[in-house]
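This is what each chain is made of:
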Amino acid sequence: MTLTVAIFAHQEERRIGLCLASLPLDRADTIFHVLVNGTTDATVERAKAAAGGRPHVIVHDIAQGGKSRTWNHAVHHLLTGAEDAVIFMDGDAEITPGSFDALVADLAAHPNANASAGMPMNGRMAHVYREGLKAEGGLFGDLYALSGRFVADIRARGLRLPDDLIGDDGLVAAWAHTDLMDDSHWVHDRVRHCDGAGFLAEQVSIARPSTWAMQYKRLINYSVRFFQNRIVSDIMTREGPAGLPARLASLYGEWLPRWRPRPGLTGWFDRKALQRMRDAA
C-alpha cells in the first residue's frame, strides 16, 4: 500500500499543530506533504516542529497562495502516479482516529469509485451537513480521498483546477462523478461517503473575535464560489474538464454583466464578491 496525504495550510499557525497531532504521522507506508502556501505567519515553523524530524513528513513553503493552485502543484509535481490512494485535507481540521484506514478501505471495497468523503463530526448542523453531502454526492475539502487510479488519470490527461477557483472540493467531486467527462456521464456512486472517517472543524465563537474575521472572509469567499460555480457548471455541461481555463477570471468579463447580488444579507457578501471579481477581471 502506498498512501500520500496532502495537507493544505494558509495562515494556520494556530491550528496546524492540532491538525498534525491528530494524524498518524508514524505510519511507515504514508508520505505526508504539508503544503504551506502564501503564508506570512509562523505556520511553517510550527508545522516543522509538529513533524518532529520525521523524514516522510515534508513541510513545503510555497510562496504563492491559493488552494486550487497548490492542489495542482501537489497532484502534478509531488505525486508519483503510483499511489494506491491520495488523501486531501485542510490544515485547520482535526481528523478522527481511524479515518485514513476507513477511507482507504472504502475505496478498496468499491473499485468503481473515484472518491470517498470524510464526514463533518462537530457543530450544530453536522448531521444536516452529513445527510446533504450524501444526497448531493459532495465532498468537503476538509477531508476526502481519491483512488490512485483516478489521480493517475488526472495526471495523464494534464487536467488542472483553475488556479483562482475557490472550492476545489466541488469541482473535484464533479470530476469524480463524471469520470473526467462532461456532466452527461454523471454517476452518483462514483463518490462514496465514509461514515468511519471524520473531521472536526473550528467553530465560530462569540468569545473569540478572531473567528468573526475568519467567518466574514469565508462568507465573501462563499459568494465568489457561488458565481464561479455558474461558470464551471456551464463548462462541465458543454465540454467537460478539458474546457476549463487556467484562470476563471479570464471569463469574468463575459459573465459579470449577467450577475446581480441575491436578496437579503447574502447580497451584502455578493456585492463584495462581485467587486473582487471585477477587480480580478
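Residues numbered from 1 in each chain as written. Predicted model: local features only at pLDDT ≥ 70, side-chain atom pairs only at ≥ 80, totals over all residues. Heavy atoms only, no water.

K.L.:
Provide a residue-level description of the nonpolar core, including the pertinent values.
P.N.:
Counting 47 residues, the largest nonpolar core has Trp71, Phe88, Leu146 and Trp175 as the members making the most contacts within it. If near-sequence neighbours (up to four positions away) are discounted, Phe88 is found in contact with Ala6, Phe8, Trp71, Val75, Gly141, Asp142, Leu143, Tyr144 and Leu146. Grouped together as the second largest cluster of nonpolar side chains are 33 residues, Phe32, Ala51, Phe100 and Ala197 included. (Core = buried A, V, L, I, M, F, W, Y, C linked by side-chain atoms within 4.5 Å. Buried < 20%, exposed > 50% of the residue type's maximum accessible area, 1.4 Å probe, protein only. Contact = heavy atoms within 4.5 Å.)

K.L.:
I'd like a description of the pairing of strand S3 (residues 57-62), backed by residues and values.
P.N.:
With six bridges joining them, strand S2 (residues 30-37) and S3 adopt parallel strand pairing. The partner of His33 across the bridge, within S3, is Ile58. This β-α-β element, S2 to helix H2 (residues 43-51) to S3, shows right-handed connectivity. (Pairing = 2+ DSSP bridges. Helix = DSSP H or I, 4+ residues; strand = E, 2+ residues; numbered from the N terminus. Right-handed = clockwise from strand over helix to strand, strands pointing away.)

K.L.:
I'd like a description of the packing of aromatic side chains, backed by residues and values.
P.N.:
Tallying each qualifying case throughout the model produces eleven aromatic pairs. Between Phe227 and Trp259, the ring centres sit 5.1 Å apart and the planes meet at 35°, which makes this aromatic pair tilted. Note that Phe227 is positioned in helix H8 (residues 209-238) and Trp259 in the loop between helix H9 (252-255) and helix H10 (265-280), a separation of 32 residues in sequence. The exposure classification of Phe227 matches that of Trp259, with both residues buried. Among the aromatic side chains, those forming a connected cluster through ring pairs are Phe8, Trp71, Phe88, Tyr144 and Trp175. One cation-aromatic arrangement involves Arg258 over Trp255; the distance from NZ or CZ to the ring centre is 4.2 Å. We note Arg262 situated over the ring of Phe226; from NZ or CZ to the ring centre the distance is 3.7 Å. (Phe/Tyr/Trp six-rings, centres within 6.5 Å; stacked < 30°, edge-to-face > 60°. Lys NZ or Arg CZ within 6 Å of the ring centre and 35° of its normal.)

K.L.:
Please give an account of the pairing of strand S7 (residues 143-147) that cites residues and values.
P.N.:
With five of its five residues buried, S7 lies for the most part within the structure. Burial along S7 is two-sided: Leu143, Ala145 and Ser147 and Tyr144 and Leu146, pointing in opposite directions, are all buried. Here five bridges tie strand S4 (residues 85-90) to S7, and the two strands are oriented antiparallel to one another. Counterpart to Ala85 in the pairing with S7 is Ser147. With three bridges connecting them, strand S6 (residues 115-120) and S7 associate as antiparallel partners.

K.L.:
I'd like a rundown of the pattern of salt bridges, residues and numbers included.
P.N.:
Counted under the stated rule, the structure contains 16 salt bridges. A salt bridge links Lys134 to Asp195, with the nearest nitrogen and oxygen atoms 2.9 Å apart. One end of the pair, Lys134, is in helix H5 (residues 126-136); the other, Asp195, is in strand S8 (residues 191-200), with 61 residues separating them in the sequence. The network of salt bridges with common partners includes Arg27, Asp29 and Asp101. (Salt bridge = Lys/Arg side-chain N within 4 Å of Asp/Glu carboxyl O.)

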